[in-house]
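Spelled out from the first residue to the last, the chains are:
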Amino acid sequence: MNVADSEVVMSVLKDEGFCYTGEPGNADLILINTCSIRENAEQKIWARLKALAYLKKKNKTLKIGLIGCMAERLREKVLETEKVVDLVVGPDAYRSLPGLIAEAESGHKAVNVILSAEETYADIAPVRMDKNGVSAFISIMRGCNNMCAYCVVPYVRGAERSRDPETIVNEARALFRAGYREVTLLGQNVNSFRWKNGEKEILFPDLLEAVALIDPKLRVRFSTSHPKDISDSLLMTIAKHQNICRHIHLPAQSGSTRILKLMNRGYTREWYMDRIRAIKEMIPGCSVSTDMIAGFCTETEDDHLESLSLMEWAGYDFAYMFRYSERPGTSAARRLKDDVPEEVKLRRLNEIIAMQNRLSAASKKQDIGKTVEVLIEGSSKRSADHLSGRTSQNKVVVFPRGINKPGEYVSVFIEKATSATLTGRLAE
Ligand code: 5AD
Ligand code: SF4
């Protein structure tokens, strides 16, 4: 989400004559795009601000801005405690950046953290910062109405709003014409995408289909799906189009119905399992990934074991795993006691990670001896003699470089697997 936002910011600034430098020492303006979702994300930013202070000593005209969720959440603290910060701009205020930069240049602190009910930046063509030229993100909605008890997103990114689907399809088509071969449609809960077009209502399956129909050579991914409203109609749309990737990110967060209720997730363990069954039945070969939180308020050892058993049952191909960190202002912070001791959270998280390592390795092992279709993204990070790409299931594949180029599809025979990567050779 933040990469997509940075690309919108780049576009707004490019229109004003700014250009990007990857080198902070050369910059006249440094904007730090921030995330508030977990406490350590914010801690990193405080450290980064301290580290950037020395650049201001070298370049007296340098302006530093804090943008994104942390700007929204902590504007007062930032302005009071971080003298190096000249601008504080929330996620719905990027169009006002040119004016705010001018204000900062005239020596005032410039602030805009007003959240909007409508802003989707639909008409702004993002400046692509993903350097591979093959895969890109397209933001299809902003904000979130779900109010999961632990989550700060609804407070810092505001209410949910969908973007005009025509602008989304046009953006995807333009990317395809520019050589891109994969787009990921992004939103906090893509299943609640909703757009009224006269009498007709366009829902997420309609949008996904419209993007998939641009060209069979364009892969389409999406993230994130909320388990409470992932519908059969969406699964049928995926099954119908081979270029919609066989991978669904479906964050469970916990395997215990009691904890899910406290988290206000809106589903039970059984409902979640039913949705996984539906995925496996309707889309054979579909991979599934999850997010898990260890040590949410009141979590017992039994609840934790239910998380582990759900993971094992689902056989996740991949997971993002966190220990619970209380976020100020959320309903969990207001209503519930953060009562799982830190060392218990860590131990449970480590058990969750160990479980996922086993599952990831098992998932990769299944592909040994198979020939898979890979969209080439670029050189392998480890070796210039190898190319790297991904399967429809989102598994990374590395293979010896031939005459093929990024953006091409190739068939690769899988010979080896680790828990993170498949390796193979081009199939004849
Ligand atoms: N503590 C730990 N993890 C969190 N997440 C969101 N809020 C918190 C929190 N307070 C995780 C969830 C979510 C992912 C983006 O971040 O798993 O799906
Ligand atoms: Fe946060 Fe829940 Fe919305 Fe995801 S769905 S952004 S976890 S409130």
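Residues numbered from 1 in each chain as written. Chains lettered and ligands numbered in written order. Predicted model: local features only at pLDDT ≥ 70, side-chain atom pairs only at ≥ 80, totals over all residues. Heavy atoms only, no water.

### Regarding the site of ligand 2
The environment of ligand 2 is made up of Cys-144, Asn-146, Met-147, Cys-148, Tyr-150, Cys-151, Val-153, Pro-154, Gln-188, His-226 and Arg-265. In the shell around ligand 2, the residues fall into seven nonpolar, three polar and one charged. (Near = heavy atom within 4 Å. Nonpolar A, V, L, I, M, F, W, Y, C, P; charged D, E, K, R; others polar.)

### Some thoughts on helix H10 (residues 269-282)
Taking 1.5 Å per residue as the helical rise, H10 with its 14 residues ought to reach 20 Å, and the 20 Å between its terminal C-alpha atoms agrees with that figure. Where H10 is concerned, the buried positions are Arg-269, Tyr-272, Met-273, Arg-275, Ile-276, Ala-278 and Ile-279. Buried residues in H10 make contact with helix H8 (232-240), strand E12 (247-249), helix H9 (257-262), strand E13 (287-294) and helix H11 (301-314). (Helix = DSSP H or I, 4+ residues; strand = E, 2+ residues; numbered from the N terminus. Expected span 1.5 Å × (residues − 1). Buried < 20%, exposed > 50% of the residue type's maximum accessible area, 1.4 Å probe, protein only. Contact = heavy atoms within 4.5 Å.)

### As for the nonpolar core
With 67 residues, the main nonpolar core has Ile-140, Leu-185, Phe-204, Val-211, Phe-222, Ile-248 and Phe-296 as its most contacted residues. Taken together, domain 2 (130-245) and domain 3 (253-365) each give at least three residues to this core, which thus spans both. Not counting residues up to four positions away in its chain, the partners in contact with Phe-296 are Ala-149, Tyr-150, Ile-259, Leu-262, Met-263, Tyr-324, Ala-332, Leu-336 and Val-340. Counting 19 residues, the second-largest nonpolar core is a separate cluster that includes Ile-30, Ile-45, Ile-64 and Val-84. (Core = buried A, V, L, I, M, F, W, Y, C linked by side-chain atoms within 4.5 Å. Domains from an automatic or database assignment.)

### Thoughts on the side chain of His-304
Position of His-304 among the secondary structure elements: in helix H11. Residue classification places His-304 among the buried residues on the basis of a relative accessible area of 0%. Other than its neighbours up to four places away in sequence, His-304 contacts Glu-299, Arg-347, Arg-348, Glu-351 and Ile-352.

### Considering the site of ligand 1
Near ligand 1 you find Ile-37, Arg-38, Tyr-150, Gln-253, Asp-291, Ile-293, Phe-322, Arg-323, Tyr-324, Ser-325 and Arg-327, and these make up its full shell. At a separation of 2.6 Å, an oxygen atom of ligand 1 approaches a polar side-chain atom of Arg-38. One of the backbone N or O atoms of Tyr-150 is found 3.1 Å from a nitrogen atom in ligand 1. In the complex, the protein chains occlude 88% of the 400 Å² of accessible area that ligand 1 would expose alone. Of all the secondary structure elements, the ones that give two or more residues to the shell around ligand 1 are E13 and strand E14 (318-323). When its residues are assigned to classes, the shell around ligand 1 shows five nonpolar, two polar and four charged. (Polar contact = N/O pair within 3.5 Å; in protein donor to acceptor, adjacent residues only side chain to side chain. Areas by Shrake-Rupley, 256 points an atom, 1.4 Å probe, with all protein chains shown as cover.)

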